[in-house]
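# Topology and contacts: notes
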Amino acid sequence: MTRYTLAASCIALALSASANANSIEEELQALKDRIEQLETQQKAAQQPQVIEEIQVEVVNEVVNEEVKIVEETKAKINFGGAVRVNYSYEDFNDANADRGGDFDFDLFRLDVSGSYGDLIYSAQYRWFEYMNVVQHAWIGYNFDENQQGKIGVTQVPFGMLTYASNNYFFSSNFYLGLEDDHDMGLNYTYKSDVNQFDLAFYKNDEQGGIDGFVSDRTDRYAYDVVGIRLDGEDAYDAPTAGYEAGEVNTFNLRYAHNFTFDKLGLELGGSVQAGQLEIANGTDGDNFAAAVHGIIDYDRWNVKLQVTDYAYDVDGMDVDRIVVAAYHFYDSIPAEATTYIANVAYSLPVDFGPVSNLTFYNDYSLVTGKSASLEDTFMNVTGMAVSAGGLYTYFDFVVAENQPFIGGTMVGDGDTNKRFNINFGYYF
């Protein structure tokens with residue numbers, strides 16, 4: 001009985017051990033299944049977060065691109081201008097000298113410029129005591145970062161740009177229509193870090209040429225041809241009927257290259273201008289001008305050098321003088337001449353209250369080799385320009401001979417004259 005009981009107990013124990021082993025294996029398998037299930041759930045939980053991050057990135061890129069496009073195409077407009085007054089003491093004007101000089105209103109000007117995407121525009125209107133004029137007015141397009149086109153009253157690309165001078169009176173070239181001139185036409189510019197190429201076509205001057213609808217052909221900012229000066233006429237007479245003239249179909253080509261040598265910068269360039277003259281009586285005329293220039297920058301020093309040659313021809317006539325107009329009066333220039341410009345300037349940063357910079361300069365111009373052996377013109381301007389916030393002031397001492405605004409004319413034979421001038425300008 002005991003043997004059977006013992007055997008039964010052994011069999012029961014074996015069966016129990018076998019059952020326990022099966023139970024452990026099942027629990028292990030269940031645990032593995034649970035772990036796999038949790039890993040799957042974790043991956044599923046992470047996937048939407050990754051997708052959400054990608055979506056946010058894409059949305060941000062789209063938004064940024066849209067903002068960029070909006071900013072690039074948003075209309076921009078800028079307003080500015082200037083108010084200028086002028087003091088002058090002239091030794092060639094007895095009345096002025098007796099009064100100790102004159103202090104006069106010079107001008108009020110209004111500037112507007114802006115853009116819409118790659119479209120650009122700029123205009124400037126000036127009010128003087130004696131005339132109101134458009135200085136420039138054009139619209140343009142930026143083809144890319146290097147190329148630009150303009151249409152309207154634009155600056156003629158000739159010689160040193162923007163100015164061939166440092167002083168308030170410009171150089172003698174300005175009074176010949178060869179510095180800071182503005183005419184009506186088309187202008188293309190290619191500009192890189194080292195090169196600038198300008199090509200322009202001007203249909204006529206800013207007043208529409210000989211048949212422009214203007215009340216006074218002398219009311220203009222820059223000098224232009226308005227007639228042929230006949231023998232016996234005074235230098236300041238209006239053109240004789242039938243001999244009124246205008247510049248038409250003028251082409252300009254200009255190239256400048258910039259070199260850099262350590263601290264020294266050098267610009268070398270050349271310019272060509274060729275066009276026609278329309279004369280009221282139907283006579284044909286033409287004009288040609290060429291110039292070479294160099295601009296040197298070293299530290300605070302600047303040197304400007306230019307040689308220019310020009311000539312006007314009229315079929316069937318031996319013309320010695322040409323009628324020009326600007327600043328509400330007629331004047332005359334030689335039909336041909338050679339000009340020389342030599343300027344030097346030194347810029348000095350300072351800290352004198354509101355004064356931030358002083359520019360000292362000496363500008364020299366010579367007009368020689370004139371038609372009909374007319375007397376030479378020279379102008380030397382020694383001066384200083386003072387920058388103080390929006391206030392910009394020229395102090396100029398001018399010594400000149402046969403020079404407009406210094407008691408002479410380009411076709412005259414006068415004395416050497418002197419003028420001390422202070423021009424106060426507030427620019428906003």
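Look a little higher up for the structure.
The sections below set out a description of the structure shown in this document.

The rules behind each value
- Residues numbered from 1 in each chain as written.
- Predicted model: local features only at pLDDT ≥ 70, side-chain atom pairs only at ≥ 80, totals over all residues.
- Heavy atoms only, no water.
- Pairing = 2+ DSSP bridges.
- Helix = DSSP H or I, 4+ residues; strand = E, 2+ residues; numbered from the N terminus.
- Axes fitted to C-alpha atoms, helices over the stretch in contact; angles between N-to-C directions.
- Phe/Tyr/Trp six-rings, centres within 6.5 Å; stacked < 30°, edge-to-face > 60°.
- Buried < 20%, exposed > 50% of the residue type's maximum accessible area, 1.4 Å probe, protein only.
- Lys NZ or Arg CZ within 6 Å of the ring centre and 35° of its normal.
- Patch = residues over 30% accessible without salt bridge, like charges linked within 9 Å, V, L, I, M, F, W, Y side chains within 5 Å.
- Areas by Shrake-Rupley, 256 points an atom, 1.4 Å probe, with all protein chains shown as cover.
- Salt bridge = Lys/Arg side-chain N within 4 Å of Asp/Glu carboxyl O.
- Lys, Arg positive; Asp, Glu negative; His and termini not counted.
- Charge placed at Lys NZ, Arg CZ, Asp CG, Glu CD.
- Core = buried A, V, L, I, M, F, W, Y, C linked by side-chain atoms within 4.5 Å.
- Contact = heavy atoms within 4.5 Å.
- Polar contact = N/O pair within 3.5 Å; in protein donor to acceptor, adjacent residues only side chain to side chain.

### Some thoughts on the sheet that holds strand 8 (residues 224-229)
- Spatially, the 3 strands line up as an open sheet ordered 8-13-14, and their pairing is antiparallel. Since the sheet does not close on itself, it has two edges, and those belong to strand 8 and strand 14 (329-334), each with one partner. Adjacent strand axes in the sheet meet at a mean angle of 40°, parallel and antiparallel pairs treated alike.
- Note that strand 8 and strand 13 (residues 321-326) share 5 bridges and pair antiparallel. Each residue of the ladder has a partner; that of Asp-224, found in strand 13, is Ala-325.

### Notes on the packing of aromatic side chains
- For the coordinates displayed, the defined rule picks out 27 aromatic pairs.
- Geometrically, the ring pair formed by Phe-170 and Phe-174 is stacked, given 4.2 Å between the ring centres and 15° between the ring planes.
- By relative accessible area, which is 16% here, Phe-170 ends up buried.
- Residue classification places Phe-174 among the buried residues on the basis of a relative accessible area of 2%.
- The cationic tip of Lys-150 hangs over the ring face of Trp-138; the distance from NZ or CZ to the ring centre is 4.3 Å.

### What to know about a negative patch on the surface
- Where like charges cluster on the molecular surface, the negative patch consists of Asp-284, Asp-286, Asp-309, Asp-313, Asp-315 and Glu-336.
- Listed by contribution, the elements that provide at least two residues to the negative patch are strand 11 (284-298) and strand 12 (301-314).
- Residue position: Asp-309 is located in strand 12.
- Overall, the relative accessible area of 41% leaves Asp-309 in the partly exposed class.

### Notes on the nonpolar core
- Within the largest apolar cluster, 47 residues are counted, with the highest numbers of intra-cluster contacts made by Tyr-310, Ile-322, Tyr-327 and Ile-333.
- Ignoring anything within four residues of it in the chain, the contact list for Ile-322 reads Val-225, Gly-227, Ile-228, Arg-229, Tyr-312, Asp-331, Ser-332, Ile-333 and Ala-335.
- The next biggest cluster of nonpolar side chains, apart from the first, holds 5 residues, and it includes Val-350, Leu-358, Val-386 and Ala-388.

### With respect to the pairing of strand 1 (residues 75-90)
- Relative to strand 2 (residues 102-116), strand 1 is paired through 14 bridges, and the arrangement is antiparallel. When the sheet's bridge partners are listed, Lys-76 is paired in strand 2 with Ser-115.
- Sheet analysis places strand 1 next to strand 19 (residues 416-427), joined by 9 bridges and oriented antiparallel. Across the sheet, Asn-86 pairs through a bridge with Asn-423, a residue of strand 19.

### A few points about the pattern of salt bridges
- Using the criterion set out here, one finds 9 salt bridges in the structure.
- Arg-109 is the partner of Asp-111 in a salt bridge, and the nearest nitrogen-oxygen pair spans 3.2 Å. We note that Asp-111, like Arg-109, is buried.
- The partner of Arg-254 in a salt bridge is Glu-267, with the nearest N and O atoms 3.4 Å apart. Here the residue Arg-254 occupies a position in strand 9 (residues 245-261), and Glu-267 occupies one in strand 10 (residues 264-279), the gap between them amounting to 13 residues.

### Concerning the environment of Asp-376
- In this fold, Asp-376 is placed in the loop between strand 16 (355-368) and strand 17 (377-388).
- Residue class for Asp-376 comes out partly exposed when judged on its relative accessible area of 34%.
- Separated by 37 residues in sequence, Asp-376 and Thr-339 place their C-alpha atoms 9.8 Å apart.
- When neighbours within four sequence positions are excluded, Asp-376 is seen to be in contact with Leu-366, Val-367, Thr-368, Gly-369, Lys-370, Glu-401 and Asn-402.
- In terms of polar contacts, Asp-376 uses its side chain to reach the side chain of Thr-368, at 3.0 Å.

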